[in-house]
Amino acid sequence: MEYLNLLLLILLPVSLLKIFSWITKSSPTNLPPGPAPLPIFGNLFKLGKKPHESLTQLAQIYGPLMSLKLGSLTTIVISSSTTAKEVLQKHDQSFSSRTVIDAVTVFNHHESSIVWLPPTPQWRTLRKLTNSHIFTTQKLDSNQSLRHQKLEELVSYVRRNANAGSVINIGQAAFTIVLNLISNSFFSIDLADGFGSDSVCVFKDAVRGAMLEAGKPNLSDYFPVIRFMDLQGVRRGMSKHFGVLDEIFEKIIQQKLLTLHSREGKGDLLDMILDPSHDNGIQLQHHEIKGLFKDFFAAGTDTTSSTVEWAMAELLHNPSKMTKAQQELSDILGKDQPIEESDIIRLPYLQAVVKETLRLHPPVPFLVPHKAENNVEIHDFVVPKGAQVLVNVWAIGRDPALWKDPTCFSPERFLDLKSDYKGQDFELIPFGSGRRICPGLPLAHRMVHLVLGLLLQSFDWELENGLKPENLDMEEEFGFTLAKATGLRAIPVIRL
Ligand code: HEM
């Protein structure tokens, strides 16, 4: 970063002066409080390696509604549940647009992406498709048997490793199963042809690589005049990762087109989208279909599997909580009847473990950047039109005013508390809230509970090399999604 700034200083004095004049011209007077900006760079150097942590610390000084200048980009950071409610509920419409980051402009992805489009009719059509045709209870119930088959494969895989006394990379296994759960829910095929297979590695590298590129503080976003230079190579990296995903989905669509009108058609989501005679009232262009799948898999795989990995990491770090979750599964389901989607509601402790994991480790720590469509007054300050709005869900999940012993993993707190993550309780919003709330929430909810439930129901877990629970590395790696810095490795033991 330092080296790039130096380069910037040497190469671009003229452009920088121009930016400086923009900054001074466009700053409204009653912005929310924030640290004093340096000329040209603003508060860029305050971001550090872990922006979710540094912005949490800054909010302790400047408050839950804080403004920063990141280069020429005015950024408002929201760090309390009450301010989040103002932004995502009271002023939902004004903040339902997106600040499009340079990384996602490769292949013009942002122009047809459900994640990045502003709330235009095109975006509404895509949301209608997701809300009314994909993630409805009826649709999800209708393809749950496919997911159960996949989960049996996960149990067999873990059992084989348990018999051999081998260690499992839990994040990798969770990613594989989530990839196949999603691909089967959408187009009835396995995208991963086996645990640890090349296909999984290729897909995971592409998704994780894209998340890391998209999460990088990128000079192109802060100084639009130098975008064309792609100084940090973010667009180059992103083109490579998106290219891999594009090729995979192109192949699947071509195969589907061959079987569309034959008996081999499975009547799944992709059949429905491709079939012009289907009565869904929605016609998507070829590139829109590919874009939609890119969004679903990028948004759905890493987030869901990292939630499972963090939950297992917290349980291995706190063995008494793991025993409690296992005890509940044994008491309610026994050991021979594998957990099913309809069982989730009967497992309050397992649900509490998932909530507590999402409180401490929200996979998307700032939500996807929102944007102010007009000047909006909040608590006597003005969020100016065009500002980027980041909701620091990580900070809200650890706010000592809301949570007792906030950094302590204690699922028990959710046994009495009625808070849920469905978007109504602003102290727990890992999926966001309002118009842009995650449409994949109902599927993610089922997948996380099923995978975690199965790992706990059938197996005990030990850390490798006799590592003590208290010594387990719990470091985070900042990206667009917040991953565990070191992969979680543990040895399964079949439960008697
Ligand atoms: C958007 C979280 C799983 C598809 C989002 C947002 C968050 C989020 C925070 C942005 C909300 C905002 O900006 O206000 C999560 C978490 C997941 C998960 C924590 C798992 C634990 C999934 C799955 C899918 C999915 C499984 C689909 C297969 C999407 C899409 C959007 C989105 C398409 C963009 C919606 C829009 O901008 O209109 N998700 N997500 N997500 N998510 Fe998820």
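Throughout this document, residue positions are counted from 1 along each chain, in the order its sequence is written. With the structure being a predicted model, the display of local features is reserved for residues of pLDDT at least 70 and the display and counting of side-chain atom pairs for 80 or more, all residues being used for whole-chain, interface and lining totals. The side-chain values count all of the structure's non-hydrogen atoms but skip hydrogen atoms and water molecules.

- The name given to the protein in an unreviewed UniProt entry is Cytochrome P450, and the organism recorded there is Papaver somniferum.
- In UniProt, the protein has this text filed under Cofactor (unreviewed entry): "heme". UniProt positions are given in the numbering used here, feature names are shortened, and annotations may be inferred rather than shown by experiment.

## Side note on the layout of surface pockets
Line of reasoning, step 1. Taken as a whole, the largest pocket spans an internal volume of roughly 640 Å³.
Line of reasoning, step 2. Forming the walls of the largest pocket are 37 residues, and the residues nearest its centre are Leu-70, Leu-73, Thr-99, Tyr-222 and Gln-388.
Line of reasoning, step 3. The way it works is that DSSP assigns letters per residue, a run of H or I at least four long becomes a helix, a run of E at least two long becomes a strand, and they are numbered from the N terminus. Listed by contribution, the elements that provide at least two residues to the lining of the largest pocket are helix H3 (51-62), strand E1 (65-70), strand E2 (73-78), helix H9 (198-215), helix H10 (219-222) and strand E8 (388-391). Space inside and on the surface of the protein is sampled on a 1 Å grid over the protein atoms alone, with a cavity defined as a set of points where a 1.4 Å probe fits but cannot get out and a pocket as an open set with protein on both sides within 12 Å along at least 5 of 7 lines; lining residues have an atom within 4 Å of a point. Grid points are joined across faces, edges and corners, and a volume is the space filled by probe spheres set on the points.

## Description of the nonpolar core
Line of reasoning, step 1. Counting residues in hydrophobic clusters, the biggest one holds 110 residues, and the most contacted among them are Phe-186, Phe-293, Phe-297 and Trp-461.
Line of reasoning, step 2. Tallying contributions element by element places helix H13 (residues 286-317) first for this core, with 13 residues.
Line of reasoning, step 3. In this structure, Phe-297 is in contact with Leu-179, Ile-182, Ser-183, Phe-186, Phe-187, Leu-191, Phe-203, Val-207 and Phe-249, ignoring residues within four places of it in sequence.
Line of reasoning, step 4. Judged by nonpolar contacts, the second largest core, of 22 residues, contains Phe-41, Leu-73, Phe-223 and Leu-231. Throughout this description, the term nonpolar core refers to a set of buried Ala, Val, Leu, Ile, Met, Phe, Trp, Tyr and Cys residues connected via side-chain atoms within 4.5 Å. For the exposure calls, accessible area comes from a 1.4 Å probe over protein chains only, and a residue counts as buried if that area is under 20% of its type's maximum, exposed if over 50%, partly exposed in between. Whether two residues are in contact is decided by their heavy atoms, any of which lying within 4.5 Å being enough.

## As for the site of the ligand
Line of reasoning, step 1. Being near a molecule or strand, for a residue, comes down to having at least one heavy atom within 4 Å of it. With respect to spatial proximity, 25 residues lie near the ligand, and among them Arg-98, Trp-123, Arg-127, His-370 and Cys-438 are the closest.
Line of reasoning, step 2. Any N or O atom pair separated by 3.5 Å or less is treated as a polar contact, with the protein-specific requirement of one donor-capable and one acceptor-capable atom, and with residues adjacent in sequence counted only for side-chain atom pairs. At a separation of 2.8 Å, an oxygen atom of the ligand approaches a polar side-chain atom of His-370.
Line of reasoning, step 3. Here the ligand occupies the largest cavity.
Line of reasoning, step 4. Of all the secondary structure elements, the ones that give two or more residues to the shell around the ligand are helix H5 (121-134), H13 and helix H18 (441-458). Those molecules having more than half of their atoms within 2 Å of a cavity or pocket grid point set are described as sitting in that cavity or pocket.

## Side note on the sheet that holds E8
Line of reasoning, step 1. Strands were regarded as paired on the criterion that DSSP finds at least two bridges between them. Strand order in this open sheet of 5 strands is E1-E2-E8-E5-E3, and the pairing throughout is mixed. The open sheet has two edge strands with one neighbour each: E1 and strand E3 (97-98).
Line of reasoning, step 2. One ladder, built from 4 bridges, connects E2 with E8; its direction is parallel. Within E8, the residue paired with Ile-76 across the bridge is Val-389.
Line of reasoning, step 3. The axes used here are C-alpha line fits, helices contributing only the stretch in contact, and every angle between their N-to-C directions lies in the interval 0 to 180 degrees. Along the sheet face, H3 touches E1, E2 and E8 and points at about 125 degrees away from the line of E1.

## Description of the packing of helix H14 (residues 319-333) against H18
Line of reasoning, step 1. Remark: H14 packs on H18, axes separated minimally by 9 Å, with the N-to-C direction vectors making an angle of 90 degrees. Judged on the interaxial angle alone, H18 and H14 are roughly perpendicular. Contact residues: Met-322, Ala-325, Gln-326, Leu-329 and Leu-333 in H14; Gly-453, Leu-456 and Gln-457 in H18.
Line of reasoning, step 2. Each residue is assigned to one class: nonpolar for Ala, Val, Leu, Ile, Met, Phe, Trp, Tyr, Cys and Pro, charged for Asp, Glu, Lys and Arg, and polar for all the others, Gly among them. Partitioned by chemical class, the residues of the contact of H14 with H18 number 5 nonpolar, 3 polar and no charged. When describing relative orientation, an angle under 35 degrees is termed roughly parallel and one over 145 degrees roughly antiparallel, while 65 to 115 degrees is termed roughly perpendicular and anything else oblique.

## Considering the pairing of E1
Line of reasoning, step 1. With 6 of 6 residues buried, E1 is to be regarded as a mostly interior element.
Line of reasoning, step 2. Alternating positions in E1 separate into two faces, Leu-65, Ser-67 and Lys-69 on one and Met-66, Leu-68 and Leu-70 on the other, with burial throughout.
Line of reasoning, step 3. Note: E1 against E2, 6 bridges, orientation antiparallel. For Leu-65, the partnering residue across the bridge sits in E2 and is Ile-78.
Line of reasoning, step 4. From the end of E1 to the start of E2, which pair antiparallel, there are 2 residues, and Gly-71 there has a positive phi angle of about 60 degrees.

## Description of the pattern of salt bridges
Line of reasoning, step 1. Definition used for salt bridges: Asp or Glu carboxyl oxygen within 4 Å of a side-chain nitrogen of Lys or Arg. A full pass over the atoms with the stated rule returns 27 salt bridges.
Line of reasoning, step 2. One salt bridge connects Glu-475 with Lys-50, and the closest N-O pair in it is separated by 2.4 Å. Note that Glu-475 is positioned in the loop between strand E9 (459-463) and strand E10 (476-477) and Lys-50 in the loop between helix H2 (13-26) and H3, a separation of 425 residues in sequence.
Line of reasoning, step 3. According to the relative accessible area criterion, Lys-50 is partly exposed, its value standing at 21%.

## A closer look at empty space enclosed by the protein
Line of reasoning, step 1. With the rule as written, the count across this model stands at 2 cavities of 30 Å³ or more.
Line of reasoning, step 2. Estimated volume of the largest cavity: approximately 900 Å³.
Line of reasoning, step 3. For the largest cavity, the lining is made up of 50 residues, of which Ala-299, Gly-300, Thr-303, Val-368 and Cys-438 are closest to its centre.
Line of reasoning, step 4. Counting only elements with at least two residues in the lining of the largest cavity, the list comes to H5, helix H8 (170-187), H9, helix H11 (234-259), H13, helix H15 (348-360) and H18.
Line of reasoning, step 5. The element that contributes the greatest number of residues to the lining of the largest cavity is H13, accounting for 9 residues.
Line of reasoning, step 6. Each residue belonging to the lining of the largest cavity can be placed in one class, and the counts come to 34 nonpolar, 11 polar and 5 charged.
Line of reasoning, step 7. Estimated volume of the second largest cavity: approximately 30 Å³.

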